[in-house]
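Topology and contacts: notes
Each chain, written out:
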Amino acid sequence: MASLHDPLPLPCGQVLPNRIMKAALSEALGDTRNAPDRRLEQHQRQHRAPGAREDPRRPPPGVKGISLFIVPKHLLDDAGNPGERNDVALVGLNHKMGNRGTTNALLNFGDGSYSPGGRPGAVGYLVGQPHNGLSYMFHMMNEARIGVGFLATALGYAGFLQSVDYAKTRTQGRSQSGTGSTAKPVAIVEHSDVKRMLLAQKSYVEGALALGLYCSKLVDEQDTLDDTQLQAEKTLLLDVLTPLAKSWPSQWCLRANDLAIQVHGGYGYTRDYDVEQFYRDNRLNQIHEGTHGIQGLDLLGRKMVMQNGAGLDLLVATIGSTIERAQHAGGEAARVALIGLEPDRLRALAAELGPSAHWCEADVRDSAALQSAIDECANVMNGVDMVVANAGVAAYGTVRHADEASFERVVDINLNGVFRTLKHATPHLQRSRGHVLIVASALSFTSIGGLASYGASKAGVESLALAYRAEVAHLGITVGLVHPSWIDTDLVRGAEVDIPSFQQMRRRLPYPGNVTTSVDRAASAIVDGLAYWRSRVYVPRAVAVANWAKALLNSPLVWPWTRRFSAATVPALETEVAALGRNDQLVPELPHATENDQRNPVRI
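Remember, predicted model here, so these are calculated numbers, not experimental data.

1. Comments concerning the pattern of salt bridges
Side chains carrying opposite charge are able to pair once their charged atoms draw close together. Tallying each qualifying case throughout the model produces 22 salt bridges. The partner of lysine 234 in a salt bridge is glutamate 221, with the nearest N and O atoms 3.5 Å apart. Of this pair, lysine 234 sits in helix H5 (residues 228–264) while glutamate 221 sits in helix H4 (residues 192–224), and the two are 13 residues apart along the sequence. In this structure, the salt-bridge partner of arginine 280 is glutamate 276, at a minimum N-O distance of 2.9 Å. Taken together, the positions of arginine 280 and glutamate 276, both in helix H6 (residues 275–282) and four residues apart, correspond to about one turn of that helix.

Here you go:
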């Protein structure tokens, strides 16, 4: 604390120290309703006649003129012992919505109840230098803001734990996968909506706790590190995070308390359970030590731009390095099962992913083998939460020249293979109430001459997925569709090698049909679809236009363009397929394949 200066008598009706402090707090909280008249803030500032000389002791206008005072209840005598009563009196208590265990009092200064030194008015002691009260207050508030975040976190966490306990013991309703009216009531934690609310609370309170603990670590490091440069970095990072450490928990842990009440149902609104008190108590934390708006102004108006944005750069770099360390650390945050052919590639990929990956060899045309592989993976991983169902091969040729066996093989793998995958994965997805992404194609919306077998199979996958989504919704399974355009895979590259006109045909298509997307970009879009349980994933995103406009693309309005396009591309494609002498791509041979399959191997 700064040194104490000589006591300043504060006459009744003039400058009241509590109102000065109240003004500073009001400015910080974004609330000026309780701010005193500016004439009272400025240390007994007097009106001046026009043209009067500027008083060097006169404080600057606005918040820069605020000073900080200590006003004791008793003044000290010459021996330093408590002496006469100061002119400060308790006149009432504020009756609050929550936090009733802590008293909030209304004080009056200089109302004439006492006359210290025989003079009217309270005696206040200036803290530090005049007109620096706001900076002193913020110095005090920095750690206080982190403390408010912790208080919000504690109340949110308490409500979360109580709602988890209540959800596990309260029985109501029957399981959605039960056997009708004969099923016994289950604990409400079994219901998907209650699970959603509990998981949301868990994410809010645990995230808030992690943020608060990290900021507390920074507080310790800035005071204890010997390296001055590193100490300065910790201080800068703490400056950036402090508004977040106060504001984020106070907003989202209050939301957790709201969800805790909802989990309790009608009981949550009564005083029979504590969750209503947690909500009332926590509501204060969005207000004191700076409202959300004030924290936002502090973050964007001061912290993001100070030192030419060095704080923001440091925060981004710290987040990046943390992610990198987490990736190198590995672990079992997610487990992956790979099912398909080409065992050497599956084995190598599983080894690259680490011990959290498992692989099985199976052909989607062999229903028994596929079921066995899915069950094995579910057993190894203790269940299945998400599935990506994809099988894709292509055959060359138009309908009039296509080999029947090749056409049937494409449909059996691309469409029936997805059907078998969904059929055998459904029991596991039902137990986990999981999510499945089914890979269709941009050609699900409109086909192209010369790609009849592939387009027909992927249009079938689209219809299959939509029907499956409706069939399993009541089981708690969610279904999404992936619609990629041309992806830089063996399928596309092989077609370009075998049929040069295929590449020329693609170049004639409008965007995005005339571009090729990288495998990494496609994989990232699919991972994003899994992470957010998306119902549609488009690769690239412009493919979404084809979905919205599919009625137009297949309408008489577009038919003249389609006819001209086909006339310019189909004859060359038919000629090149005839010269190629086969309708299938040459891909690795299947194990245990039949004689016919060995002549026409496929990839899944």
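2. Quick look at the packing of aromatic side chains
On inspection of all chains with the given rule, the structure shows seven aromatic pairs. Among the aromatic residues, ring-to-ring pairing joins Tyr166, Tyr267 and Tyr273 into one connected group.

3. Section: the side chain of aspartate 498
Tracing the backbone through its elements, the reader meets aspartate 498 in helix H13 (residues 490–498). Among the polar contacts listed, one links the side chain of aspartate 498 to the side chain of tyrosine 396, at a separation of 2.7 Å. Here arginine 582 takes part through its side chain, which lies 3.1 Å from a polar atom of the side chain of aspartate 498. Those residues within four positions of aspartate 498 in sequence are excluded, and the remaining contacts are Tyr396, Leu580, Arg582 and Gln585.

4. Quick word on the nonpolar core
Ranked by internal contacts, the top residues of the largest apolar core, which has 33 residues, are Leu422, Leu429, Val436, Ile438, Tyr468 and Ile477. Looking at this core, the elements with two or more residues in it are helix H10 (367–380), strand S10 (386–389), helix H11 (404–432), strand S11 (435–439), helix H12 (452–472) and strand S12 (478–484). If you tally residues by element for this core, the top one is H11, at seven residues. When neighbours within four sequence positions are excluded, valine 436 is seen to be in contact with Val387, Leu422, Leu429, Tyr468, Ile477, Thr478, Val479 and Gly480.

5. Things to note about the sheet that holds S11
The strands making up a sheet associate through hydrogen bonds between their backbones, and the pairing can be parallel or antiparallel. Strand order across the open sheet formed by four strands is S10-S11-S12-S15, with parallel pairing between neighbours. Strands at the two margins of the open sheet, each flanked by one partner only, are S10 and strand S15 (536–539). The sheet shows a mean angle of 15° between the axes of neighbouring strands, direction not considered. With four bridges connecting them, S12 and S15 associate as parallel partners. Note that in S15 the partner of histidine 483 across the bridge is tyrosine 538. Its contacts with the sheet put H11 on S10 and S11, and the angle it makes with S10 is roughly 175°. Together, S11, S12 and S15 form the strand contacts of H12, whose direction differs from that of S12 by roughly 165°.

Criteria and cut-off values
- Residues numbered from 1 in each chain as written.
- Predicted model: local features only at pLDDT ≥ 70, side-chain atom pairs only at ≥ 80, totals over all residues.
- Heavy atoms only, no water.
- Salt bridge = Lys/Arg side-chain N within 4 Å of Asp/Glu carboxyl O.
- Helix = DSSP H or I, 4+ residues; strand = E, 2+ residues; numbered from the N terminus.
- Phe/Tyr/Trp six-rings, centres within 6.5 Å; stacked < 30°, edge-to-face > 60°.
- Polar contact = N/O pair within 3.5 Å; in protein donor to acceptor, adjacent residues only side chain to side chain.
- Contact = heavy atoms within 4.5 Å.
- Core = buried A, V, L, I, M, F, W, Y, C linked by side-chain atoms within 4.5 Å.
- Buried < 20%, exposed > 50% of the residue type's maximum accessible area, 1.4 Å probe, protein only.
- Pairing = 2+ DSSP bridges.
- Axes fitted to C-alpha atoms, helices over the stretch in contact; angles between N-to-C directions.

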